[in-house]
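Structural description and commentary
Each chain, letter by letter, is given below.
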Amino acid sequence: MKSTPPNQGKLVRSIGLTSAVVLIISSVIGTGVFKKVAPMSAALESPSLVLIAWLVAGLISLAGTLSNAEVASMLADSGGEFVYFRKIYNRFFAFLFGWTNFAVIRTASIASIAYVFSQSLNSVFPFPTTASSLAEINFIGLHPFDNLSVKLVAIALIIFLTYFNYKGLKLGENLSRVLTALMITVMLLIVILALLSNYGSLENITMNSVRYNADEMSGATLFKALALACLSAFWGYEGWASVGFIGGEMKNPQRNLPLALIIGTLIIMALYMSMNFVYLYILPIDDFIQIYESKNGIAAVAVVSHFLGSWGGILISGLILVATFNCASTTILLASRLFYAMANDKMFFKSVDYIHPDYNTPSRALFIQAIWTSLLVLSGTFDQLTDMLIFAAFIFYGATAFGVFVLRKKMPEAHRPYRVIGYPIVPAIFVLFCVILIVNTLIEKPVEALSGLGLMATGLPFYYYWTKKKE
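What counts as what
Residues numbered from 1 in each chain as written. Predicted model: local features only at pLDDT ≥ 70, side-chain atom pairs only at ≥ 80, totals over all residues. Heavy atoms only, no water. 1 Å grid on protein atoms, 1.4 Å probe; cavity = no way out; pocket = protein on both sides within 12 Å on 5 of 7 lines; lining within 4 Å. Points joined across faces, edges and corners; volume = space filled by probe spheres on them. Helix = DSSP H or I, 4+ residues; strand = E, 2+ residues; numbered from the N terminus. Nonpolar A, V, L, I, M, F, W, Y, C, P; charged D, E, K, R; others polar. Buried < 20%, exposed > 50% of the residue type's maximum accessible area, 1.4 Å probe, protein only.

Okay, empty space enclosed by the protein next. For the structure shown, the criterion picks out two cavities of 30 Å³ or more. When its volume is computed, the largest cavity comes out at roughly 80 Å³. Residue lining of the largest cavity: E81, F97, N101, I105, R106, A241, F245, A393, F396, Y397 and T400, and that is the complete set. When contributions to the lining of the largest cavity are tallied by element, the ones reaching two or more residues are α6 (91-124) and α16 (382-410). For the lining of the largest cavity, the residue count by class is seven nonpolar, two polar and two charged.

Laid out in structure tokens, this is it:
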């Protein structure tokens, strides 16, 4: 990366191992662990299969983490995979990664998390309802003013957190430390109280839905159902790789980045399995199917309210507010470094190649990210956005894992501070799973998948323009 101009600030290496682990946890735990058990229950109709789907998604994410860690240990720098892909493949593929993150992956993730924060706040302090005449306005198939008050609060959160992270890296890091500690404490408290309560039953874990048909739920049908359920679970794990975006601001990134990836992912897996076991222990699976079909409620709120009463509902609502606030803040912090790295390499808007001289943050990258994210809040629903971004994200997750093989061949003698455990099986399993998930999404959810590809393709004229301009 080129040197910083004298009229700018510079990115400072101030993030240690503990802070990196905190940022991974806070960038991942947002909405999925509280919401996704309902659609997964509807898809699988079996509590044991739901838990298996969460475990499979966690193990696959861990395989991806282990693979990513080897590449990160060699090539760590601001921009994460954008930097890796330039070295492994070429500038065009690196650009596609960065542009897709801007168009949908990271920005849609922030939009979705902020929207759930606003929904949760609305459940505690009801917002004004949107007039039907306004809600029914149709713009190219979208209803941007539907549920407008919730969307406006989500946009206000995005603007506030963007300004907060603009003021300095340490502010965002310290906020994540406090909120992550609070979040984990409350999650563990809920697990303990649930297991000690008289409301739960192991029978709920073993009893399938009244709709469950063992003959139908087998073979190809079971595989498709598990694949779709894992797609929901992967939204819960989405974001673990984004800590690589601040590789240029980490102390000893060749050591700390792979360690943080592995430790953070293992902690998240343990929390997710515990929380989802508790959900299915407290309520029968048909209750979650009903929550999903009614499209009016959050599974975690129903569970905790059931065994702790009204104050439990307040507790879990507060936890969701903390988790989504924390996740949105960290994702805003991390993703902005990617867009700055692209601009620094003349593959993004020129003005974004700027570090604020007083705060040493990529201020313009933060602001352009906030503008596009706010437009995405108005554009579609939570589930549409997350399905689009998971599909797109796994194209690049698979490419990073495949990069382990490419670098082993291209740079066999290069120093590798970390080598992936179980090579070549672990990265091969992850690459294969990414291919299966991508193909299955194209077949089962073609609208979301093609929308994701379409958003990727919007970058082509920009790439042509910036490439020609650089020449």
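From this point, the discussion proceeds with the structure in view.
What follows is about the environment of L280. Considering the arrangement of structural elements, one finds L280 in helix α12 (residues 253-282). In the structure, L280 is positioned 78 residues away from L202 in sequence and 8.7 Å away in space, judged by C-alpha atoms.

A few words on unusual backbone geometry. Following Y423, the chain continues to P424 via a peptide bond in cis, the omega torsion being 5°. Residue placement: P424 occurs in the loop between α16 and α17 (425-444). The phi dihedral of N252 is positive, around 45°, even though this residue is not glycine. Locating N252 in the fold gives a position in the loop between α11 (219-237) and α12. Phi is positive for N360, close to 55°, though the residue is something other than glycine. In this fold, N360 is placed in the loop between α14 (299-344) and α15 (363-379). The exposure class assigned to N360 is partly exposed, which follows from its relative accessible area of 25%.

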